[in-house]
Amino acid sequence: MYDSNQGTRSVVKQGVESSATAKPGVRPFSRPEAKRLVQDLLTPKPLLYWIDFLMTVSIGYGCAAVYLTAPAFSPMQIIAFLLSGPALFRAGIFIHEIVHREEPSMAGFRLAWNLIIGIPLLMHSLLYRNHLDHHHPRKFGTPADGEYLPLGAAPIQATFLYLAQILTLPSLTIVRFLVLVPLSLLHPRFRRWVIERWSSYIINPYYRRVVPPTEPLGSWVVWDLLGFLWVVGILALLFKGLITWAMVGRLYGLAVWTISLNYIRNLTAHRYVNRGSRMTYEEQIEDSLTIGEGSLLTLLLFPVGLRYHTLHHAFPLMPYHSMGEAHRRLMEQSAEDSVYRSTIVPSYWAAIRELLRGARMAGQAGQNPMQVWRSSETTMSAQ
């Protein structure tokens, strides 16, 4: 067990593996020292995952059912709509935990999540294995990172384009499963193209997934076919008159609402100021953010430990239920001028203001690092 008397403030006094770029006046982050403080918190508790997930998904699907069947624009429908989005968002964001959890004790949870949420919402967990690139020390913050765009160093138009993706994502996902998946099974080369370019839940539209030799291609076929059959089943119900086009429209609206919560939240996961070059470990920590306040907004937008994003990048295997305690320990043992403390912002809105301030300055200076991301797509396509 952790003994606070054994902790030292050396968490921020020792150097890290690559801390040469620490900002003047800010002490570097020592991951080895920090790990000694939180080592006992790295083991997941599967029962907590099951209870949390099953309660959340019950609320999400229950409210969604009310939303779909209640009279249009009635108070009951509006309330159900507002509640179902955050609940489905929370249930869906467990995909983030699943990607990081390969323990045998979590295998049953992974299977259940994919069957209960992954297939109905067309987001089986293999579609998020690209998240590992976001934690790759040589890819983070570069065009090879599917979850990074230089929004804090580019004109505000880049942020608007980022948000504009939301409206198209449900339709693009349906096209993938209904059209591209069956066609891709007819030719290996086309199948590989689909996995590389149409099989990652990302914010960087120029990203191309690298398919390693160890990729579970057989599992990809199984889960993709289940998603295809799910869409076909919905269409069959539609053409038989068992569901209406109005209900399909409502489902699309609910999907957009749910996705919006994640996209709005993601604006404050990082500072997004890197211009495409490779970052040191220290720079990756400094670019990540922790939301300080525990308000209702934070509870809704940052479920399953997402508010502790700096901590997550320091310890990707930290289970979400341990993050609050791990954060408390690191705060107790970190000096006031530590890198870890420098990544904490008072609130969601403070982080948004910082992002917009950087975008405004970039616009005034005529700087747009998004060109690096666009040129990287051209380079990769030519290879």
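Please refer to the structure placed before this passage.
To keep things clear, this report deals only with the structure shown in the data block.

Parameters at a glance
Residues numbered from 1 in each chain as written. Predicted model: local features only at pLDDT ≥ 70, side-chain atom pairs only at ≥ 80, totals over all residues. Heavy atoms only, no water. Patch = residues over 30% accessible without salt bridge, like charges linked within 9 Å, V, L, I, M, F, W, Y side chains within 5 Å. Areas by Shrake-Rupley, 256 points an atom, 1.4 Å probe, with all protein chains shown as cover. Salt bridge = Lys/Arg side-chain N within 4 Å of Asp/Glu carboxyl O. Helix = DSSP H or I, 4+ residues; strand = E, 2+ residues; numbered from the N terminus. Buried < 20%, exposed > 50% of the residue type's maximum accessible area, 1.4 Å probe, protein only. Contact = heavy atoms within 4.5 Å. Phe/Tyr/Trp six-rings, centres within 6.5 Å; stacked < 30°, edge-to-face > 60°. Lys NZ or Arg CZ within 6 Å of the ring centre and 35° of its normal. Polar contact = N/O pair within 3.5 Å; in protein donor to acceptor, adjacent residues only side chain to side chain. Lys, Arg positive; Asp, Glu negative; His and termini not counted. Expected span 1.5 Å × (residues − 1). Core = buried A, V, L, I, M, F, W, Y, C linked by side-chain atoms within 4.5 Å.

Points about a nonpolar patch on the surface
A cluster of nonpolar side chains, contributed by Leu 54, Tyr 61, Leu 111, Leu 115, Ile 116, Val 222, Leu 226 and Leu 229, occupies part of the molecular surface with about 660 Å² of accessible area. Of all the secondary-structure elements, those providing two or more residues to the nonpolar patch are α2 (46-69), α5 (107-118) and α9 (217-239). Here Ile 116 lies in helix α5.

Focus: the environment of Tyr 128
For Tyr 128, the position within the fold is in the loop between α5 and α6 (131-134). A relative accessible area of 11% places Tyr 128 in the buried class. With 72 residues separating them along the chain, Tyr 128 and Ser 200 place their C-alpha atoms 5.8 Å apart. Apart from the residues within four sequence positions on either side, Tyr 128 is in contact with Ile 95, His 96, Val 99, Glu 147, Tyr 201 and Arg 209.

Quick look at the packing of aromatic side chains
Two descriptors summarise a pair of aromatic rings, namely the distance from one centre to the other and the angle between the planes of the rings. All chains considered together, the criterion is met by 16 aromatic pairs. Residues Tyr 49 and Phe 109 carry aromatic rings whose centres are separated by 5.6 Å and whose planes lie at 75 degrees to one another, so their mutual orientation is edge-to-face. Within this pair, whereas Tyr 49 is found in helix α2, its partner Phe 109 is found in helix α5, the two being separated by 60 residues in sequence. Note on accessibility: Tyr 49 and Phe 109 belong to one class, buried. With a centroid separation of 5.2 Å and 45 degrees between ring planes, the pair formed by Tyr 67 and Phe 81 is classed as tilted. Linking Tyr 67 in helix α2 with Phe 81 in helix α3 (residues 75-92), this pair joins segments that are 14 residues apart in sequence. Counting every residue linked through ring pairs, the aromatic cluster contains Tyr 49, Trp 50, Phe 53, Phe 94, Phe 109 and Tyr 320. Over the ring of Phe 177 we find Arg 176, and its NZ or CZ is 4.8 Å from the ring centre.

What about unusual backbone geometry?
Positive phi values are uncommon outside glycine, yet Phe 73 reaches one of about 65 degrees. Take Phe 73: it is sitting in the loop between α2 and α3. Positive phi outside glycine occurs at Tyr 272, with the angle close to 55 degrees. Among the structural elements, Tyr 272 can be located in the loop between α10 (245-266) and α11 (281-287).

Focus on the environment of Glu 354
If you trace the backbone, Glu 354 turns up in helix α16 (residues 348-365). Residues contacting Glu 354, with those up to four places away along its chain left out, are Arg 271 and Val 345. Within the structure, the side chain of Glu 354 is placed 2.6 Å from the side chain of Arg 271, a separation counted as a polar contact.

Details of the side chain of Arg 307
Following the sequence through the fold, Arg 307 ends up in the loop between α12 (296-301) and α13 (309-314). This buried residue, Arg 307, is left without a salt bridge; Glu 293 holds the nearest opposite charge, at 8.4 Å. For Arg 307, the side chain forms a polar contact with the side chain of Tyr 308, separated by 3.4 Å. Here Arg 307 is in contact with Leu 289, Thr 290, Ile 291, Gly 292, Glu 293, Gly 294, Thr 298 and Phe 302, once residues within four sequence places are set aside.

Some points on the side chain of Thr 173
Mapped onto the secondary structure, Thr 173 falls in helix α7 (residues 156-184). Residues contacting Thr 173, with those up to four places away along its chain left out, are Leu 122 and Tyr 201.

Regarding α2
Between its terminal C-alpha atoms α2 stretches 34 Å, which fits the 34 Å expected from 24 residues at 1.5 Å a residue. Every buried residue of α2 is accounted for by Tyr 49, Asp 52, Phe 53, Thr 56, Val 57, Gly 60, Cys 63, Ala 64, Tyr 67 and Leu 68. Where the residues of α2 are buried, they touch α3, α4 (94-100), α5 and α10.

Things to note about the nonpolar core
Ranked by size, the top nonpolar core spans 47 residues in total, and within it Phe 53, Phe 94, Trp 113 and Leu 151 carry the most contacts. Of all elements in the fold, only α2, α3, α4, α5, α7, α10, α16 and α17 (370-382) reach the threshold of two or more residues within this core.

A look at α16
With 18 residues, α16 extends 26 Å between its outermost C-alpha atoms, agreeing within 8% with the 26 Å of an ideal straight helix rising 1.5 Å per residue. Along α16, the residues that are buried comprise Tyr 348, Ala 350, Ala 351, Ile 352, Leu 355, Gly 358, Ala 359 and Ala 362. On its buried face, α16 is in contact with α7, α10, β1 (290-291), α12 and β2 (344-345). Looking one or two residues past α16, Gly 366 carries a phi angle of roughly 70 degrees, positive in sign.

Considerations on the pattern of salt bridges
Summed over the entire model, instances satisfying the criterion amount to 15 salt bridges. A salt bridge links Glu 103 to Arg 101; the nearest nitrogen and oxygen atoms lie 2.7 Å apart. Given a relative accessible area of 23%, Glu 103 falls into the partly exposed group. Residue class for Arg 101 comes out buried when judged on its relative accessible area of 3%. Where Glu 332 meets Arg 328, a salt bridge forms, and the shortest distance between an N and an O atom there is 2.5 Å. With Glu 332 and Arg 328 both in helix α14 (residues 323-333) and 4 residues apart, this pair spans about one turn of that helix. The class for Glu 332 is partly exposed, based on a relative accessible area of 37%. The exposure class of Arg 328 is partly exposed, given its relative accessible area of 36%. Here the residues in one salt-bridge network are Asp 40, Glu 325, Arg 328, Arg 329 and Glu 332, joined through shared partners.

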